[in-house]
Amino acid sequence: AAAAAAVGQSPGGERLAPGQGAAAATAMASRPLFRALIMGPPGSGKGTVSERIAKSFGLKQLSSGEVLRANIRGHTEVGSLAKSFIDKGKLVPDNVMTRLILQELKNIDQYSWLLDGFPRTVPQAEELHKVYQLDTVINLKVPFETIKERLTSRWIHPGSGRVYNTNFNPPAVTGIDDLTGEPLVQRDDDKPETVTLRLQAYEELTQPVLEYYRNRGILEVFSGTETNKIWPHVHAFLSKKLPVLCQPEQ
């Protein structure tokens, strides 16, 4: 185990042999903390890649959307403040989102982490930088046409939440749930015109943030049309910086 730990602690971040999880954890604890951000438009596979990064490299995963929803459900002071804007159809202001996320990051201060969904504006990025210096920013670049096809092919059964995709997981009968025979519906968010607007809004909002991190020299862009083909490149990049706790999923 000591030998495995030594491997885990090496500057090059060599891979650990399977079954040496305890040694990997020891190695992680003795390394400098790693701070990362993942960016990508809705439907880019960001959630899947985030989960794989967290599992493969032992990073704590923090999604701004989940944090926001948890604070609203818990009726916290900052959650109630955020909800007051959402209820009026407004974006949650930079200072409220920043307060919310920095408060959450304080709870995992002793861990390496991966941020998802924050920062979304340059002022948020600047406030984050005052407290934490990111080591890398991973940007998933997937063609908008690919994303549109993914999202507009998605249909759900309202009663159970079952999700179908007309391209790779279609129902036996078009528009009908396999188990109940009830009609499927398409969420407003997944309708073609809405998807186009969402993608345009995302690009306009985040382009300055990407430029901010590009200018800092920490932006890494991974392009492709399939998550399973993008993932090995992300894994290879991070394995040069971090010890690997488990082998990449295909």
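So, a few notes on the structure that sits alongside this text. (Residues numbered from 1 in each chain as written. Predicted model: local features only at pLDDT ≥ 70, side-chain atom pairs only at ≥ 80, totals over all residues. Heavy atoms only, no water.)

Concerning the packing of aromatic side chains
Inspection of every chain in the model, using the stated rule, returns 3 aromatic pairs. Stacked on the ring of tyrosine 111, the Lys or Arg lysine 60 has its end atom at 4.6 Å from the ring centre. (Phe/Tyr/Trp six-rings, centres within 6.5 Å; stacked < 30°, edge-to-face > 60°. Lys NZ or Arg CZ within 6 Å of the ring centre and 35° of its normal.)

Topic: helix H3 (residues 46-57)
Each α-helix turn comprises 3.6 residues. Residues three or four places apart therefore point the same way. Taking 1.5 Å of rise per residue, the 12 residues of H3 would be expected to cover 16 Å, and the 16 Å separating its terminal C-alpha atoms lies within 8% of that figure. Considered for burial, the residues of H3 that qualify are Lys46, Val49, Ser50, Arg52, Ile53, Ala54, Ser56 and Phe57. Remark: glycine 58 follows H3 within two positions and exhibits a positive phi of approximately 70°. (Helix = DSSP H or I, 4+ residues; strand = E, 2+ residues; numbered from the N terminus. Expected span 1.5 Å × (residues − 1). Buried < 20%, exposed > 50% of the residue type's maximum accessible area, 1.4 Å probe, protein only.)

Structural notes on the environment of asparagine 169
Structurally, asparagine 169 can be placed in the loop between strand E6 (163-165) and helix H9 (192-215). Sequence separation between asparagine 169 and serine 153 is 16 residues; the distance between their C-alpha atoms is 9.6 Å. Look past the residues within four positions of asparagine 169 in its chain and what remains in contact with it is Val163 and Tyr164. A distance of 3.2 Å separates the side chain of asparagine 169 from the backbone oxygen of valine 163, its partner in a polar contact. (Contact = heavy atoms within 4.5 Å. Polar contact = N/O pair within 3.5 Å; in protein donor to acceptor, adjacent residues only side chain to side chain.)

Observations concerning the pairing of strand E1 (residues 35-39)
Consecutive side chains along a regular strand alternate between the two faces of the sheet. With 5 of 5 residues buried, E1 lies mostly within the body of the structure. Here E1 shows two buried faces, one formed by Arg35, Leu37 and Met39 and the other by Ala36 and Ile38. Bridge analysis of E1 against strand E3 (residues 113-116) gives 4 bridges, and the strand direction is parallel. Bridging across to E3, arginine 35 finds its partner in tryptophan 113. The sheet contact formed by E1 and strand E4 (residues 136-141) spans 4 bridges and is parallel. By the bridge assignment, leucine 37 is partnered in E4 with valine 137. (Pairing = 2+ DSSP bridges.)

Regarding the sheet that holds strand E7 (residues 219-223)
Read from one edge to the other, the open sheet built from 5 strands follows the order E2-E3-E1-E4-E7, with strand pairing classed as parallel. Only two strands of the sheet have a single neighbouring strand rather than two, namely strand E2 (60-63) and E7. Averaged over all adjacent pairs, the angle separating strand axes in this sheet is 20°, with direction ignored. (Axes fitted to C-alpha atoms, helices over the stretch in contact; angles between N-to-C directions.)

What about the pattern of salt bridges?
Opposite charge on two side chains permits pairing when their charged atoms draw close. Following the criterion strictly, the structure yields 11 salt bridges and no others. The salt bridge partner of arginine 154 is aspartate 190, with a shortest N-O separation of 2.9 Å. A residue pair is termed long-range when its members are at least 10 positions apart, and arginine 154 in strand E5 (residues 154-156) and aspartate 190 in the loop between E6 and H9 qualify at 36 residues. The class for aspartate 190 is buried, based on a relative accessible area of 1%. Linking aspartate 177 and arginine 162 is a salt bridge whose minimum nitrogen-to-oxygen distance equals 2.8 Å. Of this pair, aspartate 177 sits in the loop between E6 and H9 while arginine 162 is found in the loop between E5 and E6, placing the two residues 15 residues apart along the sequence. (Salt bridge = Lys/Arg side-chain N within 4 Å of Asp/Glu carboxyl O.)

Describing helix H6 (residues 94-107)
The terminal C-alpha atoms of H6 lie 20 Å apart, and with 14 residues this matches the ideal 20 Å at 1.5 Å per residue to within 8%. Within H6 the residues assigned to the buried category are Val96, Met97, Thr98, Leu100, Ile101 and Leu105.

A word on the nonpolar core
Of all hydrophobic cores here, the largest spans 29 residues; its most connected members are Ile101, Leu105, Leu115, Leu128, Leu134, Val137 and Tyr213. Once residues lying within four places of it in the same chain are set aside, the contact partners of valine 137 are Leu37, Met39, Tyr213, Ile218, Leu219 and Glu220. Counting 23 residues, the second largest nonpolar core, distinct from the first, contains Phe57, Val142, Leu242 and Val244. (Core = buried A, V, L, I, M, F, W, Y, C linked by side-chain atoms within 4.5 Å.)

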